[in-house]
Every structure is written in structure tokens, then in C-alpha cells.
Amino acid sequence: MKCGTVAIIGRPSSGKSTMVNTIVEMPVSITAKTPQTTRNAIRGIYTEPRGQLIFTDTPGYHLNDQTLNIRLQKIAVAALKETDMILYMVDSTRVPGKEELAIVEILQKAKRPIICCLNKCDVAKSDKIEIARDFINEQLPYSKVLEASAKKDEGIDDILIALFAIAPEGELLYPPDSYTDQPVEFRISEIIRGNTISLVSQELPHAIYVEVSDLESKEENNEIWVRAFIIVERESQKGIIVGKGGANIKKIRVSSFKAIKPIFPGKKLQLDLRVKAQPKWRKNTILLDKLLT
Ligand SMILES: Nc1nc2c(ncn2[C@@H]2O[C@H](COP(=O)(O)OP(=O)(O)OP(=O)(O)O)[C@@H](O)[C@H]2O)c(=O)[nH]1
Ligand SMILES: [Mg+2]
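Here is a short report on the structure shown in this document.

### A short note on the environment of Lys250
Here Lys250 is to be found in helix α8 (residues 247-260). Each C-alpha atom, one on Lys250 and one on Leu273, is 9.0 Å from the other, the two residues being 23 residues apart in sequence.

### Concerning the site of ligand 1
Near ligand 1 you find 24 residues, and of these Lys16, Thr18, Gln36, Thr38 and Asp122 are the closest. The contact in question runs from an oxygen atom of ligand 1 to an N or O atom on the backbone of Ser14, over 3.1 Å. Within the contact set of ligand 1, an oxygen atom lies 2.6 Å away from a side-chain nitrogen or oxygen of Lys16. When ligand 1 is considered free in solution it has 660 Å² of accessible area, and contact with the protein chains removes 91% of it.

### Observations concerning the pairing of strand β2 (residues 42-48)
The element β2 is extensively covered by neighbouring structure, given that five of its seven residues are classed as buried. Where β2 and strand β3 (residues 51-57) come together, seven bridges link them in antiparallel fashion. Across the sheet, Thr47 pairs through a bridge with Gln52, a residue of β3. In textbook terms, the turn of a hairpin is the stretch between consecutive antiparallel strands, and for β2 and β3 this stretch comprises two residues.

### Quick word on empty space enclosed by the protein
Per the stated rule, a full pass over the model turns up two cavities of 30 Å³ or more. The volume enclosed by the largest cavity comes to roughly 50 Å³. Taken together, Ile9, Tyr61, Ala76, Val77, Leu80, Ile103, Ile106 and Leu107 make up the full set of residues lining the largest cavity. Mapped onto the lining of the largest cavity, the elements with two or more residues apiece are α2 (67-81) and α3 (98-110). Residue composition of the lining of the largest cavity, grouped by class: eight nonpolar, no polar and no charged.

### Focus: the coordination of the magnesium ion (ligand 2)
The protein atoms that coordinate the magnesium ion (ligand 2) are Ser17 (OG) and Thr38 (OG1), at distances spanning 1.9 to 2.1 Å. With Ser17 in helix α1 (residues 16-24) and Thr38 in the loop between α1 and β2, the pair connects residues that are 21 residues apart, well separated along the chain. For Thr38, a relative accessible area of 8% corresponds to the buried category.

### A word on a negative patch on the surface
Together, Glu25, Asp153, Glu154, Asp157 and Asp158 make up a negatively charged patch on the protein surface. When you line up the elements, Asp157 lands in helix α5 (residues 156-166). Judged by its relative accessible area of 57%, Asp157 is exposed.

### Structural notes on the pattern of salt bridges
All chains considered together, the criterion is met by 13 salt bridges. As a salt-bridge pair, Lys120 and Asp91 come within 3.3 Å of each other at their nearest N and O atoms. With a gap of 29 residues between them, Lys120 in the loop between β5 (114-119) and α4 (126-139) and Asp91 in strand β4 (residues 85-91) connect regions that are remote in the sequence. Here Glu130 makes a salt bridge to Arg133, at a shortest N to O gap of 3.7 Å. Pair noted here: Glu130 and Arg133 are both in helix α4, with a separation of three residues, about one helical turn.

### Regarding unusual backbone geometry
One non-glycine residue, Glu25, adopts positive backbone phi at about 60°. For Glu25, the location among the structural elements is in the loop between α1 and β2. Residue Glu25 is classed as exposed on the basis of its relative accessible area, which comes to 66%.

### Quick notes on the packing of aromatic side chains
Evaluation of the coordinates by the stated rule reveals one aromatic pair. Pairing Tyr46 with Phe164 gives two aromatic rings, centres 6.5 Å apart and planes at 50°, and the pair type is tilted. You can see Tyr46 sitting in strand β2 and its partner Phe164 sitting in helix α5, a full 118 residues away along the chain. The ring of Phe229 has Lys276 sitting right over it, with the charged end atom 4.3 Å from the ring centre.

### Focus: α2
One turn of the α-helix equals 3.6 residues, which is why residues spaced by three or four share an orientation. Taking 1.5 Å of rise per residue, the 15 residues of α2 would be expected to cover 21 Å, and the 22 Å separating its terminal C-alpha atoms lies within 8% of that figure. Here α2 has its buried residues at Leu68, Asn69, Leu72, Gln73, Ile75, Ala76, Ala79 and Leu80. For α2, the angular spread of buried residues about the axis comes to 155°, placing them on one side. Facing away from the buried side of α2, by more than 90 degrees, are the exposed residues Thr67, Lys74 and Lys81.

Rules used in this analysis
- Residues numbered from 1 in each chain as written.
- Chains lettered and ligands numbered in written order.
- Predicted model: local features only at pLDDT ≥ 70, side-chain atom pairs only at ≥ 80, totals over all residues.
- Heavy atoms only, no water.
- Helix = DSSP H or I, 4+ residues; strand = E, 2+ residues; numbered from the N terminus.
- Near = heavy atom within 4 Å.
- Polar contact = N/O pair within 3.5 Å; in protein donor to acceptor, adjacent residues only side chain to side chain.
- Areas by Shrake-Rupley, 256 points an atom, 1.4 Å probe, with all protein chains shown as cover.
- Buried < 20%, exposed > 50% of the residue type's maximum accessible area, 1.4 Å probe, protein only.
- Pairing = 2+ DSSP bridges.
- 1 Å grid on protein atoms, 1.4 Å probe; cavity = no way out; pocket = protein on both sides within 12 Å on 5 of 7 lines; lining within 4 Å.
- Points joined across faces, edges and corners; volume = space filled by probe spheres on them.
- Nonpolar A, V, L, I, M, F, W, Y, C, P; charged D, E, K, R; others polar.
- Donors = N, O, S within 2.8 Å, 3.2 Å for Na, K, Ca; no water.
- Patch = residues over 30% accessible without salt bridge, like charges linked within 9 Å, V, L, I, M, F, W, Y side chains within 5 Å.
- Salt bridge = Lys/Arg side-chain N within 4 Å of Asp/Glu carboxyl O.
- Lys, Arg positive; Asp, Glu negative; His and termini not counted.
- Charge placed at Lys NZ, Arg CZ, Asp CG, Glu CD.
- Phe/Tyr/Trp six-rings, centres within 6.5 Å; stacked < 30°, edge-to-face > 60°.
- Lys NZ or Arg CZ within 6 Å of the ring centre and 35° of its normal.
- Expected span 1.5 Å × (residues − 1).
- Arc of directions from axis to C-beta.

Structural data, given as C-alpha cells:
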């Protein structure tokens, strides 16, 4: 039996989180059009007769020295130290540039087997795919290069074959029916954050975090009761989340409800969603910490 850990690395928006969700067949990691969506190392667990692969989705690696970005880079680099294998996601609609070279340098130093996925092949032009392939062949000649579309679930079987081929022998680390090890409060907060970002990404790209303040299981009513706060930096930003006549918060609630419900099969779900501004005294450092924990 095989059991191995796989760190998923790549530029922002290359499709890392989409890939982990497609493989695990559950939305364990939120995805969005806006870069820097993933803020933590998120685990997705895939088990089948060949064995188990434990994926760690990481924040997109981006060359920029802002504090937030440096911390996101550190999370990605730390994941490389603990992993058996690397799944390197390349957005084949974009020509590799300085940023891709910076990632390649880190991967060369990591000294782990690499499977490179040329992603977004459903939309990438063939000449762009070839440019990406040549780049990888030149920079990482020992890595296997495979074309795929994480979004359309194409080419994933070959990626799994390649990963299992290099995975170490070992017993399962997680029970076969588990697909993530994130605590349930974290998963709920990420679902709400994802739905919020998708709706207001233009206006408030990064200054949002979500806190689940209560999670109660009411056995007598077979009910789960959740209260969560969408927290913004400034009072003035609350209106953007709430929307005209509450239209935005309603949409966020409906879409989040749908995504949270399957976490509690057979239970009635009550979701109380509110918006609040970060109190002044907690701003700056605390907000940044919250964004990343
Ligand atoms: N057409 C196409 N779009 C894709 C594919 N994979 C991902 N996307 C889209 O690309 C965008 C970014 O996807 P994510 O999975 O959030 O990317 P990420 O690499 O996790 O991004 P960060 O967390 O910000 O680093 C989303 O709009 C996805 O729907 C693909 O194979 N084909
Ligand atoms: Mg992501």
C-alpha cells in the first residue's frame, strides 16, 4: 500500500485549490478568480485501493515584499520541507516569467520528486502549452510534465498514476473516509470567506476574515446552529458586504448555507451571519494574523 504527502505549489490563480478539490471530490479549499485566495496550508486527503495521498494546498507564490505576501510565501516554502512529493501547478495560459523562475529555484532546492501539471489546458492555446512545457523541460528536466484541466476534471487520472508511482510504501495515515483534517469551524469560516470574496472581490479583495463565534449541536431538534461574523477593516466597508437592502449578505448566506449543509448530513442547519468592523484597537497586526490563521 502507498501513502504519501504531496505539496501543491504554484503561482497565484494557477488552479492549486481547484486541483485539490477535484481530486478529493469535495470543496475542501476555497477557489476564486482573485489571486491570493488561499491563506493557509489546507489539507485534502484522497484514498483509494492504491493507497492514500495527502495533499497540502498552499498560498500562491508571488514575488512582492508586502508583509502579507511574505507570510504567504513562508507558508508555501514550509510545506515543501515536510512533503514526500511536489505537484507543481503551472497556468499554461500565461507565459512563464520572473515569478515562475523564482518558484523553479525553490523547487530545485527542495530536492523532492516533482510532477508538473500544465493546467487550464481546456482554455490554453497549444502554442502557449508548448512554451510552458519547454520552460519546465529546461528548468526541471527530471520532473514529469502532464497536461490537465483541474476545473474540467481532465487529465487527473494520469496525475494520480504519476503520484502513486513515486509515493512511498506505507500504511494509511488517515481513515479511508476522511477528506480533510481541517477543524469544522475553520471549514465553515473558509466557505463563508470564499462566498464573500466571490461577490465583493473588486471592492474588498483582501481585507476580510470570518470568525465562527458559535457552533452548537442541538440534539433534541437534530439541529446545528452556527453564528459567524464577516469581519472587515473599517466601518465604511460594512455596507459593501451588506449590499443594497441586504442583497449581498443574503446571497452570501444562501450560497454558504448550501455549501455548509453537506458537512452535517441529516441535520437541520441554522446559519446566522453578521458583519462587523474590526475594533480600532485590534487593527493592523491582529487583522493580519487573523487573515493567516
Ligand atoms: N479554465 C480553467 N480555469 C481554471 C482551471 N483551474 C482553475 N481555474 C480557475 O482559475 C481561478 C483560480 O483558481 P484557484 O484554484 O483558486 O487558484 P489557486 O492557485 O488556488 O489560487 P491562490 O489560492 O490565489 O494561489 C478560478 O477562477 C478557477 O476556476 C482550469 O483547469 N481551467
Ligand atoms: Mg488557492
